[in-house]
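Reading the structure
Okay, here's what each chain looks like letter by letter:
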Amino acid sequence: MPAPLDIPVISPVYVGRAAAVTALGAVLRRAMGPPAVAMTESDSNDTYRPIVLVSGEAGIGKSRLVAEAKLLAAQLGAHSAQGNCFEPDRAAPYAPLLDLLRAMCAGLSDDATARLFGTAAPEVIKLLPELAARLPGIAPAAALAPERERRRLFETLVRFFLDQAEYAPLLLVLEDLHWCDYTSLEFLLTLARRAAHLATPALVLVLTYRSDDVDANLRHFLAELDRGRLAQEVALAPLSGAEVEVMLRAIFTRFDLPRPPRADFLDALQALTDGNPFFIEEVLRALLATDEAASPAQVWQQTPASRLRIPRSVHDAVQGRLRQLSQAAREIAVLAAVAGQRFDFALLQRLTAHDEGELLRLIKELIAAQLVVERSADQFAFRHALTREAIYAELLARERKALHCQIVAALEELYVERVDAHLADLAYHAYEGQVWERALRYSQQVGYRSLRLHAPRAAIEHFTHALQAAAQLSQPADAALYRARGLAYAIAGAFEEAQADGETTLRLALETGDQRMEWQALLDLGKLWAERDYPRTGDYFSRAYALARAMDDPAVLAYSLNRLGNWHLNTDQPQMALRSHQEALAIFRQLDDARGIAETLDLLGMASLLSGDAPRGAVYYQDAIPLLRTLDDQQILSSTFASLAICGTAYQSEIMVAAPLSPTESTDAARQGIALARVAGWRSGESYAHMTLACCLGFQGNATAALHAGLTALDIALEIQHQQWTAASHWALGSIYLDILAWDAAHRHLEQGLRVARSIGGTHWIGHMLGYLTSTLLARGEIEQAEGLLAELLPTDTPMLSMSQRSAWRGRIVLALARGRLVEALAIAERMLAAVPAGMGPSGILVATQLHGETLAALHRFDEAATVLQAARALAETQGAIPRLWRIDIALGRVLEALGQRDAAEAARVRARATIEALAAAVPEATLRAPFLSQALALLPPPKPLAAPPTPRAEVANPGGLTARERQVARCVAAGKSNRAIAEELVVSERTIESHVANILGKLAFTSRIQIAVWATEKRP
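Here's a quick rundown of the structure. Values in this document were obtained by computation on a predicted structure and should not be read as measured data.

Let us now look at the sheet that holds strand β7 (residues 372–374). Read across the open sheet, the 3 strands follow the order β6-β8-β7; overall the sheet is antiparallel. The strands lining the two open edges of the sheet, one partner per strand, are β6 (342–344) and β7. Direction aside, neighbouring strands of the sheet carry axes that sit 30° apart on average. Here β6 pairs with strand β8 (residues 379–382) via 3 bridges, running antiparallel. Its bridge partner being in β8, D344 is matched across the sheet by Q379.

Let's shift gears to the pairing of strand β3 (residues 170–175). In terms of burial, β3 is largely enclosed, as 6 of its 6 residues are buried. With 6 bridges joining them, strand β2 (residues 79–84) and β3 adopt parallel strand pairing. When the bridges of β3 are listed, G83 appears paired with L174. Two elements, β3 and strand β4 (residues 203–210), share 5 bridges in a ladder whose sense is parallel. In the strand pairing of β4, L174 is matched with L207.

Before going further, it helps to examine the state of the cysteines. In the structure shown here, the tally under the stated rule is 0 disulfides. We note that C85 lacks a disulfide partner, and the nearest cysteine sulfur, in C180, lies 4.2 Å from it. Taking relative accessible area as the criterion, C85 reaches 0% and is therefore assigned buried.

A few words now on the packing of helix α44 (residues 902–921) against helix α45 (residues 926–938). α45 packs onto α44 with a crossing angle of 170° between their chain directions and a minimal axis gap of 9 Å. Viewed along their axes, α44 and α45 adopt a mutual orientation that is roughly antiparallel. Where α44 abuts α45, its residues R913, I916, E917, L919 and A920 lie against R929, F932, L933, A936 and L937. Residue composition of the contact of α44 with α45, grouped by class: 7 nonpolar, no polar and 3 charged.

A few words now on the sheet that holds β2. Within the open sheet, the 5 strands sit side by side as β2-β3-β4-β1-β5. Their pairing is parallel. Edge positions in the open sheet fall to β2 and β5 (231–235), since each of these has one partner strand only. Neighbour-to-neighbour, the strand axes of the sheet open up by a mean angle of 20°, direction not taken into account. The sheet contacts of helix α3 (residues 62–75) involve β1 (51–56), β2, β3, β4 and β5, and relative to β3 the element is tilted by about 170°. Strands in contact with helix α4 (residues 95–105) are β2 and β3; relative to β2, the strand with the most contacts, it is inclined by about 140°.

As a further point, take the nonpolar core. If you look at the biggest cluster of nonpolar residues, it comprises 233 residues, and the most contacted ones within it are W519, L609, W731, W765, W886 and F932. Contacts of L609, omitting those with residues within four sequence positions, involve A614, G617, Y621, S643, I646, C647, M656 and M803. Grouped together as the second largest cluster of nonpolar side chains are 55 residues, V158, L170, L188 and L225 included.

Tallying each qualifying case throughout the model produces 17 aromatic pairs. With centroids separated by 6.4 Å and ring planes inclined at 85°, the aromatic side chains of Y94 and F154 adopt a geometry described as edge-to-face. Residue Y94 is located in the loop between β2 and α4, and its partner F154 is located in helix α7 (residues 146–167); the two are separated by 60 residues in the primary sequence. Relative accessible area serves as the criterion here: at 6%, F154 is assigned to the buried category. Look at F154 and F187: their rings are 5.3 Å apart centre to centre, the planes differ by 75°, and that puts the pair in the edge-to-face class. Placement of the pair is F154 in helix α7 and F187 in helix α8 (residues 182–195), with a sequence separation of 33 residues. Across the pair, exposure class does not vary: F154 and F187 are buried alike. Here the basic side chain of R831 rests over the ring of W809, its NZ or CZ set 4.8 Å away from the ring centre.

Position of H197 among the secondary structure elements: in the loop between α8 and β4. Between the C-alpha atoms of H197 and P50, which are 147 residues apart in sequence, the distance is 9.5 Å.

This brings us to the packing of α4 against α7. In contact at an axis separation of 13 Å, α4 and α7 are set at 40° when each is read in the N-to-C sense. As summarised for this structure, α4 and α7 are arranged oblique, according to the angle between their axes. Between α4 and α7 lies a crossing of left-handed hand. The residues of α7 that touch α4, namely those facing L97, L100, L101 and M104, are L157, F160, F161 and Q164. Here the residues of the contact of α4 with α7 are counted per class, giving 7 nonpolar, 1 polar and no charged.

Located in the positive-phi region is Y94, a residue other than glycine, with phi close to 70°. Given a relative accessible area of 4%, Y94 falls into the buried group. The phi torsion at Q434 lies on the positive side, around 60°, for a residue other than glycine. Along the polypeptide, Q434 turns up in the loop between α20 (423–432) and α21 (436–452). Q434 gets classed as partly exposed once you look at its relative accessible area, which sits at 38%.

In this section: the pairing of β1. The buried count for β1 comes to 6 of 6 residues, which makes it a mostly enclosed element. A two-sided burial pattern is seen for β1, the buried positions comprising I51, L53 and S55 on one face and V52, V54 and G56 on the other. The pairing of β1 with β4 spans 6 bridges and is classified as parallel. Following the sheet pairing, L53 is matched in β4 by L207.

Basis of the calculations
Residues numbered from 1 in each chain as written. Predicted model: local features only at pLDDT ≥ 70, side-chain atom pairs only at ≥ 80, totals over all residues. Heavy atoms only, no water. Pairing = 2+ DSSP bridges. Helix = DSSP H or I, 4+ residues; strand = E, 2+ residues; numbered from the N terminus. Axes fitted to C-alpha atoms, helices over the stretch in contact; angles between N-to-C directions. Buried < 20%, exposed > 50% of the residue type's maximum accessible area, 1.4 Å probe, protein only. Disulfide = S-S within 2.5 Å. Parallel < 35°, antiparallel > 145°, perpendicular 65-115°, else oblique. Contact = heavy atoms within 4.5 Å. Nonpolar A, V, L, I, M, F, W, Y, C, P; charged D, E, K, R; others polar. Core = buried A, V, L, I, M, F, W, Y, C linked by side-chain atoms within 4.5 Å. Phe/Tyr/Trp six-rings, centres within 6.5 Å; stacked < 30°, edge-to-face > 60°. Lys NZ or Arg CZ within 6 Å of the ring centre and 35° of its normal. Left-handed = near helix turned anticlockwise from the far one by under 90°.

Structure, rendered in structure tokens:
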């Protein structure tokens, strides 16, 4: 006889998870227990982390650990509420939060529900329209622009949960986060950040997810939790053989079994299930449901190991349970599986026409079979997602289609007054049921709503369903739908897909003669290609501009001028860019077009910045910000803040006249750019903002944080294959490594950045890369390579109108110094200083001022050098350029020694040493910190006067007091040879050559190989 369904095949004890339960218990007691308990169980100095992540594969025991947490929370006098994520919810914004809110008010009276939500009720009603009938005196909050609506909702829900935690400790559980929508993840991050700063922690969030099903959204969310130190993770591993034995004993503890399980049975079970507790339970349940196994004792003692040849999948186990059900209960299980992981009682009642009592009886049969669990009075869910999937997979495609059709009709009948609250479910079932007309309508609506809610991935899925539905209906292809999906792809960083949709939009517009859509498609494609191919970008923008002229629409023309102007800027034509943007601004102001004015001010800010006029650029950005806030345009606002950051204290600042922004103002602006890009789900914008933050932090001497931001920018850029930001990130990282004297790492990043910039025709980034790569090559002793690179990429007639051009010319100055061409170096430095825009004042360009002073010192024009280097130091202090200060102080100290100002020289030396030591403390790795400290300190001059220049006769006899070998090494340095090349030539070790170079620097009181090269060229030792 088959074993009855009431035989429990669930372990009554939680096996193999003692460490997990202990860790979770410590968190709960700290947040919810008495103060004395909290202090004894947790280090009071440890940062409070409001989130506990429970991870592992499906069936590993995450839900069981959650149950343990809820039990402990109850023992501590805390309240708990649970929400779940389900697979269709990936495309349904706020779905798990709605589930959580429904659970919190389930079973409450109308008055109690009103008291629960309090001032949050007007917002909650908008999320849960069904509450309107229970709260008749409360009207939904007035609608705002999408992003303002989102911020208000976030703030309301955060305040609601924190208020609940103040009333009584609160445990919030969300299961299966791998199916969570992006917007809900962003809210959870916001809630965690706020909860982390509670004076008295009383809120804990337990979040479970499948570690083998982590998508890009969840990966980003987990990374943010790590960065903010907001969570600790409990990772559940499969059970060992010994733990499986304990679990079997616990399951069959009610039977007086004479001996432990046979080794072959245990080994076979372990191999079949890989120690997954859910699979173990399912395999055992399937065995108990067979005719051959008359009792659990017989299964335990007599079943041969060969009988365990059950598929890893749980399909057979679930089907075995289904066969024990009545026919009516099986039909309910099938309907519920099609409805989804969770299902409403009212929906099942509408689909089956059962009265309430009969339907309850059938659902209780499913619960007894341990297929289903009760979530609330109105909603049930499958015990495990695999259970639902197993039932659903057994249906024929025609059966599924028919049932989805029935569900669409039932939902429309049930919620005729509240269709908006069920759009996502309707779209899903209409598509799966091939109800194409409804699938088109509902998917379109959910797609556009997802785009407004900054959920681009959900928008992509629904727009795709809408396009497929339109094709099934033989409707003409909708260019607007393709364009909307293309925009969502672009925001999500899916270049190829965005390009394909953009080209389709353009083709459809041309076929139908829709000039406006054609123009819009050309602009979209141009903006898309700006990340990869500037020539192609210029072609699209030029075509859009020509079409705009023909359309005779002022607004269209102004938008075209802006895009064309931005292309001119990225191809190093800043004056043309400024003219285009100024013309566009005049048109938009005449039209009183607020959006156009705001966007143009942002573009004028960038054009001014890259032309080297950062103060004017900052003014444009600051004018644009309030307008963009009013318009709630998160993408442009993100870019505006990120660009404002580099107007002040960033690497870009040293090759232009910087805006009067403090280091804190610059980094705060960059971080606002990052936050806004994340809100918009704009991956390329997030990469750009991280890059600007890296430039700010590196320039300010915070190498650890700068490298983290730069690597984050690079990771995102590589992930979405954004070539422009890949090049920019490499440049930022190269600049940071250059500052900490990590020449090899700097060289690697700058060479890679230059290669990418050249591949996309990015003139702006080529110029940036060229200046910094030249300095790196010279630091490595590769003078010939530096000279060849400059000869190839920087024609002598190149102007100094833009930031990138000045960066490239910086390379010419340092090369001229290395070659001993001091007059040439001086002329270039003075020319760069003279390139300061009119009306900018005497503040000057930091790098030009510093190199000007060092060149004057090399020419022994010490009085002038002292004045210029003092000005350079003042600029570096004003801009917060800490890594520049120690170099300037060393150069200044030597000049002051030469002028006989020993006290002032010693003060400069002491300042330089203090700066070097402070910077070393901020270098992240010992492997980088120690070389930086030793190399930088070796450049410090000895505390003695600079020796007077030797007489010509002394120079010939023993120039500079160097040994014969040191003079030989100096000649090799002047020839542009690296330490390794010199070592090979002289047949000594590279370390020996390093010692010789250090001795030469000390004896000659020099700070760099460039000075050695200049000296050797002049003196010919």
